[in-house]
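Here is how the chains run, residue by residue.
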Amino acid sequence: MDSATTPRKAGPLVNRWLSHRVAKPLFFIFCSLPAVWLFWAAWNDQLGANPAEALIRSLGDWSLRALVLVLLVTPLRVLAAWPALARLRRMLGLFVFFYASLHLMAYALFDMGFEWRDLLADLAKRPFILVGFVSWVLLLLMAATSFNRAIRAMGVARWKSLHRSVYAVACLAVLHFFWMRSGKNDFAEVGVYAVLLAALLGWRVWRRWRPSGRPMP
């Protein structure tokens, strides 16, 4: 069997599974597990010597991982012939916002004690906090308009333009992570996320502008 055609031959089976009514509930449970584990670990003092910092950073890591998965949906739909994967994209996008919001709340609570004046001062003083907050605002706008009623109200063209902000979020998230790690001169994980996100964004650019390509859905 030609290995190049194997993913497409497996496509119908995967699409049947992705289209099954239990796929969304199972996917929801799967995406919720990191948050459940983190809060269980925090409650049971399993996050190490500095649990607040571990919780904040872990929630940020899961935001980035979910963002990578969101951007992976379209390449998998096209290259592996899994169009049914699109029905999970909205939920995955909302999980990006969910983990980013928990990341922001943990920072506001544990680092700032919910002192809003201190929080605003920190936004002005530390660029990486400002960049992270801007990316969260963009995620908020996309989450608030992720429903069918919003698409009808905005019109498809404007809705698509807004939701392309996910590409800006990807760039801002990597910059936020880079600046955060620069204090410790530890860029190994930053490099991994930067390469993954650059590859996923680069694939979109290549597919859009190659001579035989068509604009992606």
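In every chain, residue numbers begin from 1 and rise along the written sequence. In keeping with the model being predicted, local features are shown solely for residues with a pLDDT of at least 70 and side-chain atom pairs are shown and tallied solely at 80 or more, while totals for entire chains, interfaces and linings include all residues. Here the side-chain values reflect all heavy atoms present in the structure, with hydrogen atoms and water set aside.

Enquirer: Is there a simple way to think about the nonpolar core in this case?
Expert: The tendency in soluble globular proteins is for nonpolar side chains to be buried side by side. In terms of nonpolar packing, the biggest core is built from 51 residues, with L59, L67, L71, L139 and L197 touching the most fellow members. Helix and strand definitions follow DSSP, with helices as H or I runs of at least four residues and strands as E runs of at least two, each counted in order from the N terminus. Only α2 (23-43), α3 (51-79), α4 (89-111), α5 (116-125), α6 (127-144), α9 (165-182) and α10 (188-209) provide two or more residues apiece to this core. Contacts are assigned to residue pairs that have any heavy atoms within 4.5 Å of one another. Excluding its chain neighbours within four sequence positions, the residues that come into contact with L71 are V166, Y167, A170, L197, L200, L201 and R204. Buried residues of nine kinds, namely Ala, Val, Leu, Ile, Met, Phe, Trp, Tyr and Cys, make up a nonpolar core once their side-chain atoms join them within 4.5 Å. Exposure is judged per residue with a 1.4 Å probe applied to protein chains only, and the accessible area is read against the type maximum: over 50% gives exposed, under 20% gives buried, and values in between give partly exposed.

Enquirer: Explanation requested: the pattern of salt bridges in the structure shown.
Expert: Pairs can form between side chains of opposite charge once their charged atoms are near each other. Only one rule defines a salt bridge in this text: a Lys or Arg side-chain nitrogen within 4 Å of an Asp or Glu carboxyl oxygen. Under the counting rule described, the total for this entry stands at three salt bridges. Its salt-bridge partner being R57, residue E53 comes within 3.1 Å of it at the nearest N-O pair. In this pair, E53 and R57 are both assigned in helix α3, four residues apart and thus about one turn of the helix distant. The class for R57 is partly exposed, based on a relative accessible area of 26%. Put simply, D122 and R126 hold a salt bridge, and the shortest N to O gap is 2.7 Å. Of the residues examined, R126 reaches a relative accessible area of 30% and is grouped as partly exposed.

Enquirer: Explain the packing of aromatic side chains here, please?
Expert: By convention here, two paired aromatic rings are described through the distance between centres and the angle between planes. Stacked, tilted and edge-to-face are the three classes applied to pairs of Phe, Tyr and Trp rings, where Trp contributes its six-membered ring and a pair requires centres within 6.5 Å; stacked means planes under 30 degrees apart, edge-to-face means over 60, and tilted covers the rest. A complete count under the given rule lists nine aromatic pairs for this structure. Here F98 and Y99 contribute two aromatic rings whose centre-to-centre distance is 5.1 Å and whose plane-to-plane angle is 70 degrees, an arrangement assigned as edge-to-face. Looking at F98, the relative accessible area reads 35%, which means it is partly exposed. The exposure class of Y99 is buried, given its relative accessible area of 2%. Summarising the aromatic geometry, the rings of F114 and W116 are spaced 5.8 Å apart at their centres and angled 40 degrees between planes, so their arrangement reads as tilted. Judged by relative accessible area, W116 falls into the exposed class, the value being 53%. An aromatic cluster of at least three residues, connected via ring pairs, comprises F28, F95, F98 and Y99. Charge-over-ring placement is defined geometrically: NZ (Lys) or CZ (Arg) within 6 Å of the ring centre, and within 35 degrees of the ring normal. Taking the ring centre of W62 as reference, the NZ or CZ of R65 above it sits at 4.5 Å. Across the ring face of W209, the terminal group of R208 is positioned such that the distance to the ring centre comes to 5.8 Å.

Enquirer: I would appreciate a short explanation of the side chain of S63 in the present structure.
Expert: Tracing the chain through its elements places S63 in helix α3. In this structure the side chain of S63 is engaged in a polar contact, spanning 3.2 Å, whose partner is the backbone oxygen of Y99. Aside from chain neighbours lying at most four places away, what touches S63 is V96, Y99, A100 and H103. The term polar contact refers here to a pair of N or O atoms within 3.5 Å; inside protein, the definition further demands a hydrogen-donor-capable atom paired with an acceptor-capable atom, and it admits residues adjacent in sequence only when both atoms are side-chain atoms.

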